[in-house]
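Structural description and commentary
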Amino acid sequence: MLGALSQFHVLIVDDSAHIRRLVIAMLRCYGCTQISEARTAQQALEILNKSPVVDIALIDWMLAESQHNGTDLVKHIRRSPHDHLIYLPIIMMTGHTDRENIETARDAGITEFLAKPFTAKGLHTRLVNLIEQPRPFVRTSTFFGPDRRRRNTEPPENGERRLHLARREKSK
Amino acid sequence: MSQPMDEQPEKEKTEPIIIERPNTLKPRLAAPLDDSIVKRAEEAVHALSGDFRRWLESLITELCSARAKLGEQPAARPTASSLYALSLEIKSLGEMYGYPLITRFAHSLCRLLLRLPGNRPAPMVLIDAHLDAMRAAIRTDMMDAAGVQLATELEKQVSQLIAQDP
């Protein structure tokens, strides 16, 4: 029997081999077999820019041997010209759990935040959120990324829908 | 990388828009992503637990080596130092590996290295007290009331230092 995530390609970007090993153990139990690993932002971009397309990325805040941290990588992904990258669901894993850091990660364009230390349940919850209740994206003059305010709206059946906020407010 | 990561995005003159896209992930689930698989994942993590102590011990040894290299001079930029990076990793792994007290010691050390106002250097004696606590905790599987008391005391000292005017 195929596991739930058997059709997904997941990228883990973390300079800690221990963390990567734990996350891989968890993902395998969720049925994921296509797992790529990167220690640096550069390695991550190389994987993201080739096939097979990455479906979900788990990115740590601090990365090895690089002047770029995880939030820099997220910003870079969100500015990509490719749809499969700019809309990529991203879970940021980090021990930096101060409010200021959470806001920085949110402003970079993460989809979900997973504070370290985390549990199998914590990772599962974030994956369920990404897959079953994906957030719409929002574009403003200064931000592009997932809209982190949850709404009770049904996703469109097909195609892509763009709503002007002003228009939405008028229609209330 | 074709574009520098720190380059600012081009300002747009459009009003904010919300982009709702079809859910392309959910139809590809091969089985329900329900709670039953969480237990399997917890068991898989538990199966690795035989290695946890050794892994954590090696990280604490690395942390002590990083500290020894500093001598009596604190790192100029704590966030970039190996001392901070290792403390953060130990903080993350301690609890996941079943050593919650080590996570407390490491979290307290992270605050000490990062949060002192006015870029004041962290007192080496207090850094060393955290390292000693971690070493003792991994060596003796410290989980008892004395360990909790030690963690509380270290956290209190760090908080007092953070609260002082620069």
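1. Quick look at the nonpolar core
Counting residues in each nonpolar core, the largest one holds 102 residues, and the members touching the most others are A:Leu5, A:Leu27, A:Tyr30 and A:Leu123. Look past the residues within four positions of A:Leu27 in its chain and what remains in contact with it is A:Leu5, A:Val10, A:Ile12, A:Cys32, A:Ile35, A:Leu58, A:Leu123 and A:Leu127. Counting 6 residues, the second largest nonpolar core, distinct from the first, contains A:Tyr87, A:Phe137, B:Ile17 and B:Ile19.

2. Concerning the pairing of strand E1 (residues 17-20) of chain B
Here E1(B) shows no split at all, with B:Ile17 and B:Ile19 on one side and B:Ile18 and B:Glu20 on the other all buried. Here 3 bridges tie strand E6 (residues 137-139) of chain A to E1(B), and the two strands are oriented antiparallel to one another. Considered in E1(B), the bridge of A:Phe137 is made with B:Ile19.

3. Notes on the packing of aromatic side chains
This structure, assessed with the given rule, holds 6 aromatic pairs over all chains. Grouped by ring-pair contacts, the aromatic residues A:Tyr87, A:Phe137 and A:Phe144 constitute a single cluster. Residue placement shows B:Arg21 over the ring face of A:Tyr87; its charged tip is 3.7 Å from the ring centre.

4. Concerning the interface of chain B and chain A
Listed per partner, the contact involves 52 residues of chain B and 73 residues of chain A. Taken together, the two surfaces of chain B and chain A that pack against each other cover about 5,800 Å², and 62% of this comes from carbon and sulfur. Summed over the shared surface of chain B and chain A, the result is 4 salt bridges. For A:Asp83, the salt bridge is made with B:Arg21, and the minimal N-O distance between the two is 3.9 Å. Across the chain B-chain A interface, the total number found is 13 residue pairs in polar contact (both at pLDDT 80 or more). Of all the secondary structure elements, the ones that give two or more residues to the side of chain B that touches chain A are E1, helix H1 (36-47), helix H2 (49-70) and helix H3 (82-96) of chain B. Counting residues per element, the side of chain B that touches chain A draws most heavily on H3(B), which supplies 9 residues.

5. Focus: the confidence of the model for chain B
Parts of the model with low pLDDT should not have their predicted coordinates read in detail. The share of residues in chain B with pLDDT of 70 or more is 84%, and the mean pLDDT across the chain is 83. Under the prediction, the complex receives an ipTM of 0.82, its pTM being 0.82.

6. Notes on the sheet that holds strand E4 (residues 90-94) of chain A
Residues and elements named next belong to chain A. Taken in spatial order, the 5 strands make up an open sheet running E2-E1-E3-E4-E5, and their pairing is parallel. Both outer strands of the open sheet, strand E2 (34-38) and strand E5 (112-115), are each paired with one neighbouring strand and no more. Direction aside, neighbouring strands of the sheet carry axes that sit 20° apart on average. Of the strands in this sheet, strand E1 (9-13), E2, strand E3 (56-60) and E4 touch helix H1 (residues 17-29), which is tilted by about 170° from E2.

Rules behind the numbers
Residues numbered from 1 in each chain as written. Chains lettered and ligands numbered in written order. Predicted model: local features only at pLDDT ≥ 70, side-chain atom pairs only at ≥ 80, totals over all residues. Heavy atoms only, no water. Core = buried A, V, L, I, M, F, W, Y, C linked by side-chain atoms within 4.5 Å. Buried < 20%, exposed > 50% of the residue type's maximum accessible area, 1.4 Å probe, protein only. Contact = heavy atoms within 4.5 Å. Helix = DSSP H or I, 4+ residues; strand = E, 2+ residues; numbered from the N terminus. Pairing = 2+ DSSP bridges. Phe/Tyr/Trp six-rings, centres within 6.5 Å; stacked < 30°, edge-to-face > 60°. Lys NZ or Arg CZ within 6 Å of the ring centre and 35° of its normal. Buried area = accessible area lost by both parts, 1.4 Å probe. Salt bridge = Lys/Arg side-chain N within 4 Å of Asp/Glu carboxyl O. Polar contact = N/O pair within 3.5 Å; in protein donor to acceptor, adjacent residues only side chain to side chain. pLDDT = per-residue confidence, 0-100. Axes fitted to C-alpha atoms, helices over the stretch in contact; angles between N-to-C directions.

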